[in-house]
Amino acid sequence: MPEAPRDSTIDYDLSEKNKKLLDFIEVLTANPDEVQKNTLAEILSLNANVEYLQRHGLNGHTDRETFKKLVPVITYEDVQPDINRIANGDTSPILTSKPISEFLTSSGTSGGERKLMPAIEEEFGRRYILYSLLMPIMSQFVPDLEKGKGMYLMFVKSESKTPCGIVARPVLTSFYKSSYFRDRPYDPYTNYTSPNETVLCPDSYQSMYSQLLCGLCQNKEVLRVGAIFASGFIRAIHFLEKHWTLFCNDIRTGTINPLVTDTSVREAVMKILKPDPKLADFIQAECSKSSWQGIITRLWPNTKYVDVIVTGTMSQYIPTLDYYSNGLPLVCTMYASSECYFGVNLNPLCKPSEVSYTLIPTMCYYEFLPVNRSNEITGSLNEKEQQELVELVDVKLGQEYELVITTYTGLYRYRVGDVLRVAGFKNKAPQFNFVCRKNVVLSIDSDKTDEVELLNAMMNARTHLVPFDADVAEYTSYADTTTIPGHYVLYWELTLNGSTPIPPCVYEDCCLTIEESLNSVYRQGRVSDKSIGPLEIKIVENGTFDKLMDYAISLGASINQYKTPRCVKFAPVVELLNSRVTSNYFSPKCPKWVPGHKQWINQN
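Predicted model only: the values in this text are computed from it and were never measured.

1. A few points about the overall build of the protein
Stage number 1. When its secondary structure is counted, the protein shows 22 helices and 22 strands.
Stage number 2. Relative to its length of 604 residues, the protein is compact, with a C-alpha radius of gyration of 25 Å against a globular reference of 25 Å.
Stage number 3. Judged by the C-alpha coordinates and their principal axes, the protein covers about 80 × 70 × 55 Å.
Stage number 4. Across the protein, every contact between residues at least 6 apart in sequence was considered, and the portion connecting residues at least 24 apart equals 69%.

2. Observations concerning the sheet that holds strand E19 (residues 470–480)
Stage number 1. The sheet built from four strands is open, its strands ordered E19-E20-E21-E22 with mixed pairing. Both edges of this open sheet fall to E19 and strand E22 (581–586), since each of them pairs with a single strand only. Ignoring which end each strand starts from, the neighbouring axes of this sheet average 25° apart.
Stage number 2. Of the pairings in the sheet, the one linking strand E21 (residues 536–540) to E22 comprises five bridges and is antiparallel in character. What sits directly across from Ile537, in E22, is Tyr585.

3. Points about the sheet that holds strand E7 (residues 305–309)
Stage number 1. Taken in spatial order, the four strands make up an open sheet running E3-E6-E7-E8, and their pairing is parallel. Both edges of this open sheet fall to strand E3 (149–152) and strand E8 (330–331), since each of them pairs with a single strand only.
Stage number 2. Here strand E6 (residues 222–229) pairs with E7 via four bridges, running parallel. Bridge pairing in E7 places Gly226 opposite Asp307.

4. With respect to helix H19 (residues 520–527)
Stage number 1. Counting buried residues in H19 gives seven out of eight residues, a clear majority hidden from the surface.
Stage number 2. Taken together, the buried positions of H19 are occupied by Ser520, Val521, Tyr522, Arg523, Gln524, Gly525 and Arg526.
Stage number 3. A distance of 3.0 Å separates the backbone nitrogen of Val521 from a side-chain oxygen at the start of H19, and that oxygen is part of Asn519.

5. Topic: the packing of aromatic side chains
Stage number 1. For the structure shown, the criterion picks out 25 aromatic pairs.
Stage number 2. Ring centres of Tyr131 and Tyr341 lie 5.5 Å apart, and the angle between their planes is 85°; this geometry places the pair in the edge-to-face category. Of the two residues, Tyr131 is situated in helix H6 (residues 123–139) and Tyr341 in strand E10 (residues 341–344); the sequence distance between them amounts to 210 residues.
Stage number 3. Overall, Tyr131 belongs to the partly exposed group, its relative accessible area being 21%.
Stage number 4. Site record: aromatic cluster; members linked through ring pairs are Tyr335, Phe342, Tyr357, Tyr366, Phe368, Tyr401, Phe432 and Phe434.
Stage number 5. Here the basic side chain of Arg127 rests over the ring of Phe124, its NZ or CZ set 5.0 Å away from the ring centre.
Stage number 6. Between the NZ or CZ atom of Arg127 and the centre of the ring of Tyr341, over which it lies, the distance is 5.7 Å.

6. Digging into unusual backbone geometry
Peptide bonds are, in most cases, trans, and in most cases residues other than glycine have a negative phi.
Stage number 1. In the segment running from Ile484 into Pro485, the intervening peptide bond is cis, with an omega of -5°.
Stage number 2. Position of Pro485 relative to the elements: it lies in the loop between E19 and strand E20 (487–496).
Stage number 3. For Asp144, which is not glycine, the phi dihedral falls at a positive 65°.
Stage number 4. Following the sequence through the fold, Asp144 ends up in the loop between H6 and E3.
Stage number 5. Take Asp144: its relative accessible area is 38%, and that puts it in the partly exposed class.
Stage number 6. Unlike most non-glycine residues, Asp469 shows phi in positive territory, near 50°.

7. As for the pattern of salt bridges
Stage number 1. On inspection of all chains with the given rule, the structure shows 31 salt bridges.
Stage number 2. The partner of Lys68 in a salt bridge is Glu367, with the nearest N and O atoms 3.7 Å apart. Taken together, the residues Lys68 in helix H4 (residues 64–70) and Glu367 in strand E12 (residues 365–370) connect sequence positions 299 residues apart.
Stage number 3. One salt bridge in this structure joins Arg421 and Glu400, with 3.0 Å as the shortest N-O distance. You can see Arg421 sitting in strand E15 (residues 414–426) and its partner Glu400 sitting in strand E14 (residues 400–406), a full 21 residues away along the chain.
Stage number 4. On the accessibility criterion, Arg421 (29% relative accessible area) is partly exposed.

8. Notes on the packing of helix H11 (residues 230–253) against helix H15 (residues 318–325)
Stage number 1. One can describe the packing of H11 onto H15 by two numbers: an axis separation of 10 Å at closest approach and a directional angle of 45°. Classified by the angle their axes make, H11 and H15 are oblique. Classified by chirality, the crossing of H15 by H11 is left-handed. Of the residues in H15, those in contact with Ala230, Phe233, Ile234, Ile237 and Glu241 of H11 are Thr320, Leu321 and Tyr324.
Stage number 2. Its residues assigned to classes, the contact of H11 with H15 shows six nonpolar, one polar and one charged.

9. Focus: helix H17 (residues 451–462)
Stage number 1. In this model, H17 (twelve residues) spans 16 Å end to end at C-alpha, consistent with the 16 Å of a helix rising 1.5 Å per residue.
Stage number 2. If you check which residues of H17 are buried, you get Glu453, Leu454, Ala457, Met458 and Ala461. Summarising the axial view, the buried residues of H17 lie within an arc of 140°, below the 170-degree limit, and thus occupy one face.

10. Overview of the pairing of strand E16 (residues 429–437)
Stage number 1. With eight of nine residues buried, E16 lies mostly within the body of the structure.
Stage number 2. Relative to E16, strand E11 (residues 357–359) is paired through two bridges, and the arrangement is antiparallel. Bridging across to E16, Tyr357 finds its partner in Phe432.
Stage number 3. Inspection of the sheet shows E15 paired to E16 by eight bridges, in the antiparallel sense. By the bridge assignment, Lys426 is partnered in E16 with Ala429.
Stage number 4. Between E15 and E16, which pair antiparallel one after the other, the connecting turn spans two residues, and Asn427 there sits at a positive phi close to 55°.

11. Focus on the environment of Ser178
Stage number 1. Relative to the helices and strands, Ser178 resides in the loop between helix H7 (171–177) and helix H8 (179–182).
Stage number 2. We classify Ser178 as buried; its relative accessible area is 8%.

12. Considerations on the environment of Gly398
Stage number 1. In this fold, Gly398 is placed in the loop between strand E13 (390–391) and E14.
Stage number 2. Between the alpha carbons of Gly398 and Pro370 there is a distance of 11 Å; along the sequence they are 28 residues apart.
Stage number 3. In contact with Gly398, other than residues within four places in its own chain, are Arg421 and Val422.

Rules used in this analysis
Residues numbered from 1 in each chain as written. Predicted model: local features only at pLDDT ≥ 70, side-chain atom pairs only at ≥ 80, totals over all residues. Heavy atoms only, no water. Helix = DSSP H or I, 4+ residues; strand = E, 2+ residues; numbered from the N terminus. Rg over C-alpha atoms; globule rule 2.2 N^0.38 Å. Contact = heavy atoms within 4.5 Å. Pairing = 2+ DSSP bridges. Axes fitted to C-alpha atoms, helices over the stretch in contact; angles between N-to-C directions. Buried < 20%, exposed > 50% of the residue type's maximum accessible area, 1.4 Å probe, protein only. Polar contact = N/O pair within 3.5 Å; in protein donor to acceptor, adjacent residues only side chain to side chain. Phe/Tyr/Trp six-rings, centres within 6.5 Å; stacked < 30°, edge-to-face > 60°. Lys NZ or Arg CZ within 6 Å of the ring centre and 35° of its normal. Salt bridge = Lys/Arg side-chain N within 4 Å of Asp/Glu carboxyl O. Parallel < 35°, antiparallel > 145°, perpendicular 65-115°, else oblique. Left-handed = near helix turned anticlockwise from the far one by under 90°. Nonpolar A, V, L, I, M, F, W, Y, C, P; charged D, E, K, R; others polar. Expected span 1.5 Å × (residues − 1). Arc of directions from axis to C-beta.

Now the structure itself:
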């Protein structure tokens with residue numbers, strides 16, 4: 001098994017370190033099948049005695065053939081009972097021989113709650129290896145990045161504890177709170193404008209304020225800007241648009257706004273913040289202009305690219321980012337999830353629509369389920385479908401697959417739910433475009449709402465119309481990102497049999513009921529993160545959905561096979577719907593949300 005080069009803080013030679021890491025990628029991609037074989041054998045050997053593998057009769061076998069014959073392909077629901085046992089305090093080796101150190105909360109949902117992904121302490125090292133590859137790759141395309149700083153907006157989210165006391169939190173919160181981030185050795189590539197204290201501040205307002213203030217103070221040193229998701233970076237620009245006069249005052253006087261009350265944050269910022277009237281005048285001049293086009297390159301003039309995820313549902317933010325950045329390259333560096341970190345983008349300056357990821361074969365064991373999206377396989381796979389799964393080196397160019405993984409952390413033949421398309425090859429290793437999350441129809445930030453969940457929320461809301469002898473005849477939805485933050489829009493065509501007018505407050509109750517019915521990730525975005533705006537219902541004229549069908553047929557859809565789309569994205573369709581809106585209503589308040597799972601809250 002090839003070993004990643006180790007960091008050395010003695011005789012720090014950046015070019016030599018970069019070369020070793022790039023050579024490591026060459027070695028891994030030259031013979032990925034052998035690496036994958038060894039990766040699976042190592043996972044199965046380390047976990048040979050765990051209950052899950054014993055249950056399926058593996059009996060210590062580490063070869064692919066026996067593993068694939070005996071161990072079934074599963075979804076989260078299949079492994080959830082085992083995860084619940086661990087969450088409730090069972091310390092026996094159920095999924096892994098190593099103790100579960102924490103649960104990583106996935107933004108995918110199960111029964112309206114975040115999924116819990118088991119994690120072990122050793123996994124930090126594997127994730128760190130993937131992080132260490134990103135900047136050596138980038139340095140091939142953009143020189144001298146070590147000579148400045150990155151203005152990355154990084155945030156921790158709320159965490160909770162399972163009934164037995166195991167921490168449950170998002171994967172990035174886990175990483176930022178780990179020693180790998182907090183106590184990282186000197187590396188010019190992890191030289192950020194944000195002090196650790198501002199990143200680790202749990203108050204989202206204070207964290208955003210202090211990070212942007214530090215970024216403005218060091219504006220000439222900034223060579224790259226970014227956040228994890230495109231939506232988060234745009235939210236930061238909007239925050240700046242709203243509060244730039246406060247930032248100017250802080251920089252002019254060398255004092256931080258009293259709204260920032262966290263003592264450790266204030267102390268960290270004051271090491272950077274010095275009175276600078278000239279910089280304050282410059283920021284004021286730029287921010288007070290009527291247009292904010294190119295504001296990123298105006299305030300941070302040495303910025304070379306924007307580092308954000310703009311694949312999948314995040315692609316809806318590309319025009320806004322282009323506007324604010326004056327068309328700077330939008331770079332997607334890596335592909336990862338709560339379950340496991342997967343791969344890297346070896347051509348980071350490509351167009352967002354062409355982003356492909358090379359999966360690193362030491363991270364986990366990969367399998368691929370061929371996907372025909374007109375006839376997707378959902379639920380459990382039968383024996384024939386299980387035999388259709390192919391190895392990493394056997395995927396075909398242009399074919400779409402659902403990703404299936406076996407990890408060091410106790411997931412065996414687990415369906416991640418991501419659909420990938422083979423885009424090309426690096427040596428013998430395939431490269432994949434991220435196509436979509438299975439079944440997701442609506443997403444603004446890290447939320448993912450599928451068609452079934454939306455339907456159930458709709459059914460709950462319709463009860464408010466019953467006293468007025470009214471009902472929803474047809475509906476569709478739209479993720480509106482023209483507002484900041486973005487928000488869900490539902491278009492309703494009504495059947496009105498009663499004579500009593502429906503008051504606006506009833507529609508507002510419908511909005512809130514839908515929000516209350518959506519998953520905890522959505523509700524956290526509304527309540528805690530403020531990354532999603534109030535849900536909106538737009539009432540459209542009778543006959544609107546007939547017009548929608550007529551339009552689809554005019555574009556070649558079959559009248560026999562046409563069914564109303566439950567989510568729309570195509571601009572002309574959105575325009576058609578908006579042209580027929582008679583009234584609109586917003587959710588009057590935030591839905592209920594508290595950290596943790598409902599069953600834990602009830603027990604604690």
